[in-house]
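# Inside the fold
Given next are the chains, with one letter for each unit.
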Amino acid sequence: MKLGIVGLPNVGKSTLFNAITNAGAEAANYPFCTIEPNVGTVAVPDKRLDFLAELYQPKKYTPAVIEFVDIAGLVRGASKGEGLGNKFLENIRRTDAIVHVVRCFDDDNVIHVEGGADPVRDIDIIDLELIMADLELVTRRLEKVQKAAKGGDKRYKHEAELFEALRAHLDGGKSARSFQADGDEDAALLASADLLSLKPVIYAANMDEAGIADLANSAYYQAVKARADGEGAQVLPICAKTEQELTELSEEERAMFLEDLGLSESGLDRLIKCSYALLGLISFLTAGADECRAWTITRGTKAPQAAGKIHSDFERGFIRAEIVAFDDLRACGSMAAAKEKGLVRSEGKDYVMRDGDVTLFRFNV
């Protein structure tokens, strides 16, 4: 999973990136501090995997990972090359989802390129640049499809009609996310266009400590939440400055600090949960003396395709999956005890994987 962190300059993108990746990206109080995208890979915390590692004492421990890309600040006119321009829009295109950092605090000492905090205005600026870039791309595709449709091929005619409707939608200032595709075939055609404004979004409302301690009375946060609710996006209240301070503390000090703030989890943990929910992802687990590992799959994946995540031979020669729910394994204390209680199931090709399935695949090639 690759998440692109975007926003206007100086809204806290690089500070947040540093906090969640510990990658040491430069963060400074001037626009375009970030030029080349910073990339950091983060292990997904998973207490289930920790339990399996204690149980098996494996040679190798491999958690799922997320790649975060800190993309330079976008400004008005970025789709036409303003600021540092189109290059950064292309960086966004290579991500699975967007973490849109929005400034939700006032501070005269931190420059805001638009003169002051206004989260809805800031969201609109970024959205419009993504929409304008998509409009240009859709127009080019439409021209090609219209030419192909002149030969009488009904498939191209339908595609032309679809992208004509999409172009009108974008031209009205609406994102591709809000365009209603008619069925799976049209949705697949839209996905093939690689549209920026089609990517799922998490709004990271970057707040000060006072704001995050009282979300109900933060007008900035409530404005972002209303926007996110209206378009089916996720919203994550976060204090990037606090998250950076947490990285400098021990685990025990971190827990105490979070408790003082009234938080049970770090921003990274909450961001990962948001990301999995947004993209419809779950994890299954494999365990043994050689390796304990978490594998990320799309919710609804069947057992053979999950096996294929490990190796294509596993999917090609799939026989069955031996599965125990993690909670059952933990309650029993060992795989042998779970088998004695009849909790290890044998599942076939039609089994839909569940989050936390501890799995052994049987195959023959």
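Numbering of residues starts from 1 in each chain and follows the order in which that chain's sequence is written. Totals for whole chains, interfaces and linings use every residue, but because this is a predicted model, local features are given only for residues with pLDDT of at least 70 and side-chain atom pairs only at 80 or more, for both listing and counting. Computation of side-chain values: all heavy atoms of the structure, hydrogens and water removed.

### Focus on the overall build of the protein chain
Regarding its fold elements, the protein chain presents 15 helices and 12 strands. The buried label goes to any residue with under 20% of its type's maximum accessible area, the exposed label to any with over 50%, and the partly exposed label to all in between, with areas taken from a 1.4 Å probe on protein chains only. Looking at the protein chain as a whole, 46% of its 365 residues qualify as buried. Intrachain contacts of the protein chain at a sequence separation of at least 6 include 68% that bridge at least 24 residues. Strands are runs of DSSP state E lasting at least 2 residues, helices are runs of H or I lasting at least 4, and numbering of each runs from the N terminus. Residue contacts follow a heavy-atom distance rule, with two residues in contact if any of their heavy atoms lie within 4.5 Å.

### Topic: the pattern of salt bridges
Criterion for a salt bridge: a side-chain nitrogen of Lys or Arg within 4 Å of a carboxyl oxygen of Asp or Glu. Counted according to the given criterion, the structure contains 22 salt bridges. For Glu159, the salt bridge is made with Arg141, and the minimal N-O distance between the two is 2.8 Å. A residue pair is termed long-range when its members are at least 10 positions apart, and Glu159 in helix α5 (residues 154–171) and Arg141 in helix α4 (residues 119–149) qualify at 18 residues. Among the charged side chains, a network of salt bridges with common partners joins Asp124, Asp127, Arg177, Arg227 and Glu231.

### A short note on the packing of aromatic side chains
Working definition: an aromatic ring pair is given by the centre-to-centre distance plus the angle between the planes. Within 6.5 Å between ring centres, the rings of Phe, Tyr and Trp (the latter by its six-membered ring) count as paired, and their orientation is classed by plane angle as stacked under 30 degrees, edge-to-face over 60, tilted in between. What the rule picks out here adds up to five aromatic pairs. Their ring planes at 90° and their centres at 5.6 Å tell us that Phe51 and Phe326 sit as a pair that is edge-to-face. Of the two residues, Phe51 sits in helix α2 (residues 47–56) while Phe326 sits in helix α14 (residues 326–332), which places them 275 residues apart along the sequence. When its relative accessible area of 22% is taken as the criterion, Phe51 is described as partly exposed. Under the relative-accessibility criterion, Phe326 is labelled buried at 5%.

### Details of the nonpolar core
Nine residue types can take part in a nonpolar core, namely buried Ala, Val, Leu, Ile, Met, Phe, Trp, Tyr and Cys, and a core is a set of them joined through side-chain atoms within 4.5 Å. Ranked by size, the top nonpolar core spans 63 residues in total, and within it Phe68 and Tyr203 carry the most contacts. Sorting elements by how many residues they give to this core places helix α11 (residues 267–279) first, with six residues. Not counting chain neighbours up to four residues away, the residues in contact with Tyr203 comprise His100, Val102, Ile123, Asp127, Arg177, Val224, Ala228, Glu231, Ala233, Gln234, Val235 and Leu236. In terms of nonpolar packing, the next biggest core, distinct from the first, is built from 17 residues, Ile131, Val145, Ala160 and Leu166 among them.

### Examining the pairing of strand β1 (residues 2–6)
Burial analysis of β1 places four of its five residues in the buried class, the great majority of the element. Note that β1 and strand β4 (residues 65–70) share four bridges and pair parallel. Pairing of Gly4 across the sheet is with Val69, part of β4. For β1 and strand β5 (residues 97–103), the ladder comprises four bridges, and the chain directions are parallel. Bridging across to β5, Gly4 finds its partner in Ile98. Only strands joined by at least two bridges in the DSSP assignment are considered to pair.

### What to know about a negative patch on the surface
The residues that make up patches have over 30% relative accessible area and no salt bridge, and they are joined within 9 Å when like-charged or within 5 Å when they are Val, Leu, Ile, Met, Phe, Trp or Tyr. Only the protein chains shown count as covering a residue, and every accessible area follows the Shrake-Rupley method with a 1.4 Å probe. Under the counting rule used here, the positive set is Lys and Arg, the negative set is Asp and Glu, and His together with the chain ends is not counted. Just so you know, the charge point we use is NZ for Lys, CZ for Arg, CG for Asp and CD for Glu. Among the surface-exposed residues, Asp106, Asp108, Asp208, Glu209, Glu245 and Glu248 lie close enough to one another that they form a single negatively charged patch. Overall, the relative accessible area of 37% leaves Glu209 in the partly exposed class.

### Structural notes on the environment of Phe163
Mapped onto the elements, Phe163 comes out in helix α5. Residue class for Phe163 comes out buried when judged on its relative accessible area of 1%. The sequence separation of Phe163 and Leu142 amounts to 21 residues, and the corresponding C-alpha distance is 6.1 Å. Once residues within four sequence positions are removed from consideration, Phe163 is found in contact with Val138, Arg141, Leu142, Leu189 and Ala193.

### Some details on the packing of α5 against helix α6 (residues 184–192)
The relative placement of two packed helices comes down to the angle between their axes together with the axis-to-axis distance. With their axes 11 Å apart at the nearest point, α5 and α6 run at an angle of 65° to one another. Considering the angle they form, α5 stands roughly perpendicular to α6. When you trace α5 past α6, the crossing you get is right-handed. Every residue of α6 that contacts α5 at His158, Glu159, Leu162, Phe163 and Leu166 is listed here: Asp186, Leu189 and Leu190. Axis definition: a line fitted to C-alpha atoms, over the contacting stretch in the case of helices. Angles run 0 to 180 degrees between N-to-C directions. Oblique is the label for any angle not covered by the other classes, which are roughly parallel (under 35 degrees), roughly antiparallel (over 145) and roughly perpendicular (65 to 115). Crossings are classed by handedness, with left-handed meaning an anticlockwise turn of the near helix from the far one by less than a right angle and right-handed meaning a clockwise turn.

### Re the environment of Met132
Structurally, Met132 is set in helix α4. Taking C-alpha positions, Met132 is 8.0 Å from Asp171, a pair spaced 39 residues apart along the chain.

### Digging into the side chain of Asp70
Of note, Asp70 is situated in strand β4. No salt bridge is formed by the buried Asp70; its nearest oppositely charged neighbour, Lys13, is found at 4.8 Å.

### A short note on the confidence of the model for the protein chain
Model confidence for the protein chain is summarised by a mean pLDDT of 85, while 89% of its residues fall at 70 or above. Scored below 50 in pLDDT, residues 23–35 makes 36 contacts in the model with residues more than four places away or belonging to other chains. pLDDT gives the predictor's per-residue confidence on a scale running from 0 to 100.

### A short note on the sheet that holds strand β6 (residues 201–206)
Through backbone hydrogen bonds, the strands of a sheet pair up, either in parallel or in antiparallel fashion. One open sheet holds the six strands; their spatial order is β2-β4-β1-β5-β6-β7, and the pairing between them is mixed. At either margin of the open sheet sits one strand with a lone partner, and together these are β2 (38–43) and β7 (234–238). Going across the sheet, the axis of each strand differs from the next one's by a mean of 25°, ignoring polarity. Here α11 sits on the sheet in contact with β1, β2, β4, β5, β6 and β7, set at roughly 175° to β7.

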